[in-house]
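Summary of structural features
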Amino acid sequence: MKLELRNITKKFGDFAANEDISLIVNPGEIVALLGENGAGKSTLMNVVYGLLQPTSGEIFVNDVQEDFEGPGDAMTAGIGMVHQHFMLVPPFTVAENVMLGHEHTKGAFLDLDAARSEVRRVSEAYNLQVDPDALVEDLPVGVQQRVEIIKALVRDAGVLILDEPTAVLTPQETDELLGIMRDLKAKGTSIVFISHKLREVQAAADRIVVIRRGRVVGEASPEATKAELAGMMVGREVSLTVEKPPGNPGEPVLQVSDLSAADLEGRPILRDLNFEVRAGEILGVAGVQGNGQTELAEVLTGLYEGEVTGSITMDGKELTGRTPREILDGGLGYVPEDREHDGLISSFTVTENLVLDQFGNAPYSSGGVLKSAVIDKRADELIEEFDVRTQGAAAPVSSLSGGNKQKVVMAREMSRELRVLVASQPTRGVDVGSIEFLHKRIVSERERGAAVLIISSELDEIYALSDRIAVMYRGAIIGVVGPDTSRDEMGLLMAGVTND
Amino acid sequence: MTDATTVTQEQKPPSRVRTALSGTAGITFLSIVMALIIGAFFIAFSDPAVQDASSYFFAKPFDTLSAAWTSVVEAYKALLTGMLFNPDASSLVDALKPLSETITMATPLILGGLSVALAFRAGLFNIGAEGQIILGSIFAAYIGFQFSLPWFIHLPLAVLGAFIGGAIWGGIAGFLKAKTGAHEVITTIMLNWIAIYLVAWLLTKPAFLREGRQDPISPPVADSAEYPSIVDQWRVHAGIIVAILAAAAVAWLLDKSTLGFQFRAVGANANAARTAGMNVSRMYLLVMLIAGGLAGLAGSAQVLGTEKSLTGGISAGIGFDAITVALLGRANPWGVVAAGLLFGGLRAGGLNMQTATGTPIDIVLVIQALIVLFIAAPPLVRSVFRLPETGGAGFMQTAKGWNG
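Rules behind the numbers
Per chain, the residues get numbers from 1 upward, laid out in the order the sequence is written. Lettering of chains starts at A and numbering of ligands starts at 1, both following the order in which they are written. A pLDDT threshold of at least 70 governs which residues receive local features in this predicted model, and a stricter bar of 80 or more applies before side-chain atom pairs are shown or counted, although totals over entire chains, interfaces and linings include all residues. Working from all heavy atoms in the structure, the side-chain values ignore hydrogens and water. Exposure above 30% relative accessible area and the lack of any salt bridge qualify a residue for a patch; like charges then connect within 9 Å, and the nonpolar side chains Val, Leu, Ile, Met, Phe, Trp and Tyr within 5 Å. Reported accessibility uses the Shrake-Rupley method at a 1.4 Å probe radius. Residues are deemed covered only where the shown protein chains occlude them. One speaks of a salt bridge when a side-chain nitrogen belonging to Lys or Arg is within 4 Å of a carboxyl oxygen belonging to Asp or Glu. The secondary structure listing takes helices from DSSP runs of H or I that are at least 4 residues long and strands from runs of E that are at least 2 residues long, numbered from the N terminus. Partly exposed describes any residue whose relative accessible area lies between the buried limit of under 20% and the exposed limit of over 50%, with all areas from a 1.4 Å probe on protein chains only and scaled to the type maximum. When DSSP finds two or more bridges between a pair of strands, those strands are recorded as paired. Helix axes are fitted only over the stretch in contact, all axes being lines through C-alpha atoms; the angle between N-to-C directions runs from 0 to 180 degrees. The contact definition used throughout considers only heavy atoms, calling two residues in contact when any of these lie within 4.5 Å. The buried area of a pairing is the accessible area, by a 1.4 Å probe, that goes missing from both parts when the two are put together, added over both. Here a polar contact means two N or O atoms within 3.5 Å. Within protein one must be a hydrogen donor candidate and the other an acceptor candidate, and residues neighboring in sequence count only if both atoms are side-chain atoms. In this count, Pro and Cys sit with the nonpolar residues alongside Ala, Val, Leu, Ile, Met, Phe, Trp and Tyr, while Asp, Glu, Lys and Arg are called charged and the others, Gly among them, polar.

**Structural notes on a nonpolar patch on the surface**
All names here are of chain B. Together, F139, Y142, F147, L149, W151, F152, I153, L157, L160, I164, I168 and I172 line one region of the surface with nonpolar side chains, adding up to about 1,100 Å² of accessible area. Along the chain, I172 turns up in helix α8 (residues 151–180). Its relative accessible area of 31% is what places I172 among the partly exposed residues.

**What to know about the pattern of salt bridges**
Where side chains of opposite charge bring their charged atoms close, a pairing between them can arise. Residues and elements named next belong to chain A. Taken as a whole and judged by the stated rule, the model has 40 salt bridges over all chains. Among the salt bridges present, the one from D329 reaches R325, with a minimum N-O distance of 3.2 Å. Highlighted residues: D329 and R325, both in helix α10 (residues 324–329), separated by 4 residues, approximately one helical turn. Among the residues examined, D329 registers a relative accessible area of 41% and is labelled partly exposed.

**Side note on the sheet that holds strand β18 (residues 332–335) of chain A**
All names here are of chain A. If you trace the 6 strands from one edge of the open sheet to the other, you get β18-β21-β22-β15-β23-β24, paired in mixed fashion. Each edge of the sheet is formed by a strand with only one pairing partner; in this case those strands are β18 and β24 (476–481). Pairwise comparison of adjacent strand axes, ignoring direction, gives a mean angle of 20° for this sheet. In the packing of helix α14 (residues 402–414) onto the sheet, the strands contacted are β18 and β21 (420–424), and the crossing angle to β18 comes to about 175°.

**Focus: the interface of chain A and chain B**
Contact residues are listed per partner, giving 37 residues for chain A and 28 residues for chain B. Together, the buried faces of chain A and chain B total about 2,700 Å²; carbon and sulfur atoms form 62% of this surface. On the chain A side of the interface with chain B, the three residues burying the most area are E352, F359 and L370 of chain A, jointly 20% of the side's total. Here chain A and chain B share 2 salt bridges between them. Between R274 of chain B and E305 of chain A there is a salt bridge, and its shortest N-O distance comes to 3.9 Å. At the junction of chain A and chain B, the tally comes to 9 residue pairs in polar contact (both at pLDDT 80 or more). Among the secondary structure elements, those contributing two or more residues to the side of chain A that touches chain B are α10, α11 (339–343), α12 (350–354), β20 (369–370) and α13 (372–385) of chain A. Element by element, the count of residues in the side of chain A that touches chain B is highest for α11 of chain A, at 4 residues. Its residues placed into classes, the side of chain A that touches chain B shows 15 nonpolar, 12 polar and 10 charged.

**Examining the side chain of T258 of chain B**
Relative to the helices and strands, T258 of chain B is located in helix α11 (residues 258–268). If sequence neighbours within four positions are ignored, T258 of chain B has contacts with F359, G360, S365, G368, V369 and L370 of chain A.

Function cannot be read off these values alone, since they describe shape.
If you want it as structure tokens, here you go:
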């Protein structure tokens, strides 16, 4: 199926999210829409899917002009979309989710068998391996995504839009998805693949269209170098490798010995961890998500709500049993994995978020009274220093892009003298330009002499930053290796395979 | 809009007035207007004269319409004169008496509304203002009639007692929330019932029952514990000053203090607050102590100012109206003051409307309910008045900046 956009413009008030965008997707072609967060990729696709109406411009499907008033019209025309956040009902089975909104009926009753066989048919045709009777809530994220793809294919989608499909996937799941995309393409489905991850775009796309600030700034072939693509995306040259002087580790600062943790139901989550991070050193914690990395960060910061045994010391002082307040005040900085959920208060201003964990300390308050002049001045300094792009210090932090939100979290944690920095997924959902900046800041913390612990499910990031890499598997550290370890070897470790 | 001319589907920018009306304050104003308009239909339909005229509506429709118009105009005129100003009075003091009534009614509503609003900002839904008012009333009344002290000790002591009484009741809910996770909506509703029966029981005991009386009423509080009246012939008393000071204190607490910062943080995102090192359980306890204390002060306005003794019905549903007041004031202290004055005015004016025109006072309740209904549904109001969609903060996002 062929999709063509001609001169699409979408304005919100004075702000043009898309300006004069023209795009052709040929039958059986995978076109990647590459751009930073906030460049207007999702807006454009919401226009194509009928969720938004263009201010001006035309959409053609198979050379017939279409006018979508809602997603229903777009689906009828053969356009399917898999959103970044899935639109599934967790307690329903796969078949029930797929039939939702298009229920087959036998008389007055639902015809689940018809739905089941449809799921099976599509699943087999495209090698998706989804059980129609599984409950969606029991499925891993990668499989849930395939359910979304089945939903679109069952309705005969000829053009499939995938909005940041890899943001929630593990590296293995990402590879599987790329394989599925190739299968779909081979069967004639056209795909629009929205992403800001260069590696995936290069691996999957036939053609790459780069969008910046609502406009198409160019087209590239997948053979273009990463630096070229990143440069087009950001509008200037970006360095993708982190400049890191050779390390000069000092005394151990963070020491973890015999650390175990169990959740509230008594299931073991962390098993007998022993490691240390020295001053001026970055230890990367790699592993497939869900192997205890999240909990390790929570245990280190005193936030974990289960039973913890063993010892954690910072500069020789015991941290277990202390409150998050005491640990933070003791010189530990924490960048949580989920900034929306744990790192920021969306309705608060940028300024307020910049002092969220320091407001109670001098010089930001005294005697329980906030010193707004000091706080405002400090916020302005941090916004400047961390290049936070905001309409103003008093703007709600929810109005910022993902990268700038992360800069706010990072600026807050680095605004005081840290002994230890624990950063979980420090650049998840962050655009290329900001990743470069955030990585530089993390390295500069190391240069300043802090012990840095990075937890990341992005191997690229682990390799770029780490002086040593600890690999976690099922709650235990299965090995500590150097950054020169090959990706294959690392993959085996992450899958729980050791040499001995 | 420099590029607007080049766009095919040109949209006229909304006028400044329309933009302002679609904001928070504008929606509130329009909600009140819409409630009054719908209230007018209820007034017309409930008027016997209109009902009579409507029996021959198809013969003389004008009779019905004119009767309806007269009845609505008269009722709202009585409502307004009962709220603000009586033009037929002989002296200025008499002419302004309705305003005094409005403020008298508003005082406990403001204090109760502040209680609900403060808890709300910390993410808790305090349904228990009613019970907290009762406890505040019990403490204030007991101190008021039991002791004999100079006024500058007696009155502050009774007011402090009211605060503590309310704080204990609110604090129980806060403690249960902090320690066991018990939902505050459930616990505060239950505490309301306990308080209602507690005061009924106390008023059967010699320690509380007025000598020579069988009905549930306490001895009158001593003059030295009463809120002084502001003008002799008026009922309005110094409780309103306490209410205004309380609003200023709550505004200061929320915007300027570290405690209020933590309340707002916990209310907006408890996970992030905890991650930033705040003790969320402690905040729940503290905010319920203060919120309960504020509701207790509403009890002091009733006992030490308006009623001057403790009765079984001392709270008079103020704790429930306070929830509405807090919603209407959008959990903002000065918004609560304005909403409290409006509701106080409706209570006072409704009484006048009933006596002057025979329109049932229940119409006022209908109007109050309609106001809340419309405020809870801004898209409805916007569509009725064809207002533009604005990015204005939703009702739940009431958090403000430093100076806010």
